Amino acid sequence: MRIGIIGGNGWIGGAVARALVAAEVVPAGDLTLSCRSEPPGWLPTAHWTRDNQALADRSDVVILSVRPQDWPAVAVAAPGKLVVSVMAGVTLADIAGRVGTDRVVRAMPNAAADVGRSYTPWTATAGVTDDDRVTVARLVGSIGSGDEVAGEAVIDYMTGLSGTGPAYPALLAAALIRDAVTHGVSPEVARRSVVAMLVGTGRLLEKTDEDPEETVAEFVEYRGVTAAGIEAMRAAGFDTAVSKGLAAALGKSLALGTAKGPSDAA
Ligand SMILES: NC(=O)c1ccc[n+]([C@@H]2O[C@H](COP(=O)([O-])OP(=O)(O)OC[C@H]3O[C@@H](n4cnc5c(N)ncnc54)[C@H](OP(=O)(O)O)[C@@H]3O)[C@@H](O)[C@H]2O)c1
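Residues numbered from 1 in each chain as written. Predicted model: local features only at pLDDT ≥ 70, side-chain atom pairs only at ≥ 80, totals over all residues. Heavy atoms only, no water.

A few words on the pattern of salt bridges. For the structure shown, the criterion picks out twelve salt bridges. Taking the shortest distance from any N to any O, the salt bridge between E231 and R223 comes out at 2.9 Å. A relative accessible area of 36% means that E231 is categorised as partly exposed. Each member of the salt-bridge network shares a partner with another, and the members are R106, E152 and D156. (Salt bridge = Lys/Arg side-chain N within 4 Å of Asp/Glu carboxyl O. Buried < 20%, exposed > 50% of the residue type's maximum accessible area, 1.4 Å probe, protein only.)

Here you go:
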């Protein structure tokens, strides 16, 4: 299987390329990566090009990983080929029509792909075969875990949830560290403690498979220090802030799909 990544030098395209080679889904020599600027020096045994059509012609699977506002300028035909898009917002119908194939997948990874820990939901057009599904599962598995989900509405929503990856936990971490520092904790200790707390929480939730709602309820029932913190955060609008943030992210994700170019998408 030869794979091409349009936007292969980008944040996500690069992470996927490195993961595909590391997981031996594809040897670097069967990987074609395109970019607009000078090809970079990393992964020198892959085939680098600025010609997206040449990339599509020498690939069995084409991954689209340019920013949504750059998509209108990408002219590429891959008739009948499997095309996997990671672009936010851009619809299956748009991609199928522009590329000329009925085998299209929309997948939504996140930046944790860089450390093999992306959660990547994906959905497919009716033309996608069982063999294609195996291929997509291998691509998704190389950067972490994922699920096939029922339809594009789920992908549009998940773009603003798991697609944001480390962004919301990082937002929380930054607020916790800022507060700790204003209370005299050294920045290094604040950072180390908060990062350890996030990693530990993830591992714990993964291990116990417990609903986080139950974890919170357990702490609230304990009626100690943690309960005081949780209740004050909630009274100050924590849950509302999260809902409003996710609604704004969904709105932007949908808007990216209808934008026609850079100024429209800003
Ligand atoms: N970043 C995330 O956390 C994340 C998460 C989920 C999904 N996504 C989606 O993934 C896609 C890529 O995002 P990103 O963050 O990786 O963006 P990025 O770092 O800006 O990478 C995009 C790459 O696309 C290349 N490019 C643009 N137009 C091109 C063209 N006509 N032909 C070939 N290459 C072209 C750029 O190359 P040059 O540098 O040479 O211009 C750039 O390296 C987006 O659609 C985004 O919605 C991103």
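Turning to the site of the ligand, a few remarks are in order. Around the ligand sit 24 residues, and of these I12, R36, S37, V66 and R67 come closest. W11 is positioned such that a nitrogen or oxygen atom in its backbone is 2.9 Å from an oxygen atom of the ligand. Backbone polar atom of R36 to an oxygen atom of the ligand: 2.9 Å apart, as the coordinates give it. Surface burial for the ligand is 84%, taken as the share of its 900 Å² of free accessible area covered by protein chains. (Near = heavy atom within 4 Å. Polar contact = N/O pair within 3.5 Å; in protein donor to acceptor, adjacent residues only side chain to side chain. Areas by Shrake-Rupley, 256 points an atom, 1.4 Å probe, with all protein chains shown as cover.)

Grouped together as the largest cluster of nonpolar side chains are 30 residues, with contacts concentrated most on I3, I5, L20, L31 and V84. At the level of secondary structure, the elements contributing two or more residues to this core comprise strand 1 (3-6), helix 1 (11-22), strand 2 (31-34), strand 4 (61-64), strand 5 (82-85), strand 6 (104-107), strand 7 (118-124) and helix 4 (130-142). Among the elements that take part in this core, helix 1 stands out by supplying five residues, more than any other. The contact partners of I5, leaving out residues within four places of it in the chain, are G13, V16, A17, L20, L31, T32, L33, S34, L55, I63 and S65. Judged by nonpolar contacts, the second largest core, of 18 residues, contains V66, W71, A78 and L92. (Core = buried A, V, L, I, M, F, W, Y, C linked by side-chain atoms within 4.5 Å. Helix = DSSP H or I, 4+ residues; strand = E, 2+ residues; numbered from the N terminus. Contact = heavy atoms within 4.5 Å.)

Bringing a negative patch on the surface into the picture now. The grouping of D211, E214, E218 and E221 at the surface amounts to a negative patch. With respect to the helices and strands, the residue D211 is situated in the loop between helix 7 (187-208) and helix 8 (212-222). (Patch = residues over 30% accessible without salt bridge, like charges linked within 9 Å, V, L, I, M, F, W, Y side chains within 5 Å. Lys, Arg positive; Asp, Glu negative; His and termini not counted. Charge placed at Lys NZ, Arg CZ, Asp CG, Glu CD.)

For R67, the position within the fold is in the loop between strand 4 and strand 5. With a relative accessible area of 59%, R67 lands in the exposed category. R67 sits 33 residues away from S34 along the chain, and the two C-alpha atoms are 13 Å apart.

Relative orientation of the contacting elements helix 6 (residues 167-182) and helix 7 amounts to 145 degrees, with a least axis distance of 9 Å. By crossing handedness, the relation of helix 6 to helix 7 is classed as right-handed. Two secondary-structure elements touch here, helix 6 through P169, A173, L176, I177, A180 and V181 and helix 7 through P187, A190, R191, V194, M197 and L198. Partitioned by chemical class, the residues of the contact of helix 6 with helix 7 number eleven nonpolar, no polar and one charged. (Axes fitted to C-alpha atoms, helices over the stretch in contact; angles between N-to-C directions. Left-handed = near helix turned anticlockwise from the far one by under 90°. Nonpolar A, V, L, I, M, F, W, Y, C, P; charged D, E, K, R; others polar.)

Further remarks concern a nonpolar patch on the surface. A cluster of nonpolar residues, L172, L198, M233, F238 and V242, forms a patch on the protein surface that exposes about 390 Å² of accessible area. The residue V242 is located in helix 10 (residues 238-258) in this model.

Let us look at the packing of helix 8 against helix 9 (residues 225-235). Between helix 8 and helix 9, whose axes approach to 8 Å, the crossing angle comes to 115 degrees. Of the residues in helix 9, those touching helix 8 at E213, V216, F219 and V220 are T226, A227, I230, E231 and R234. Split by residue class, the contact of helix 8 with helix 9 holds five nonpolar, one polar and three charged.

Next up on the list: the side chain of D132. Along the polypeptide, D132 turns up in helix 4. The class of D132 is buried, set by a relative accessible area of 4%. The residues contacting D132, other than those within four sequence positions of it, are L82, R103 and G127.

Glancing now at the UniProt feature "binding site: NADPH" (unreviewed entry) in the protein chain. Under the UniProt annotation, "binding site: NADPH" (unreviewed entry) lies at N52. One can find N52 in helix 2 (residues 52-57). (UniProt positions renumbered as here; feature names shortened; annotations may be inferred.)

Inspection of the entire model under this criterion finds one aromatic pair. The cationic tip of R18 hangs over the ring face of W42; the distance from NZ or CZ to the ring centre is 4.8 Å. Positioned above the aromatic ring of W71, the side-chain terminus of R98 is 4.1 Å from the ring centre. (Phe/Tyr/Trp six-rings, centres within 6.5 Å; stacked < 30°, edge-to-face > 60°. Lys NZ or Arg CZ within 6 Å of the ring centre and 35° of its normal.)

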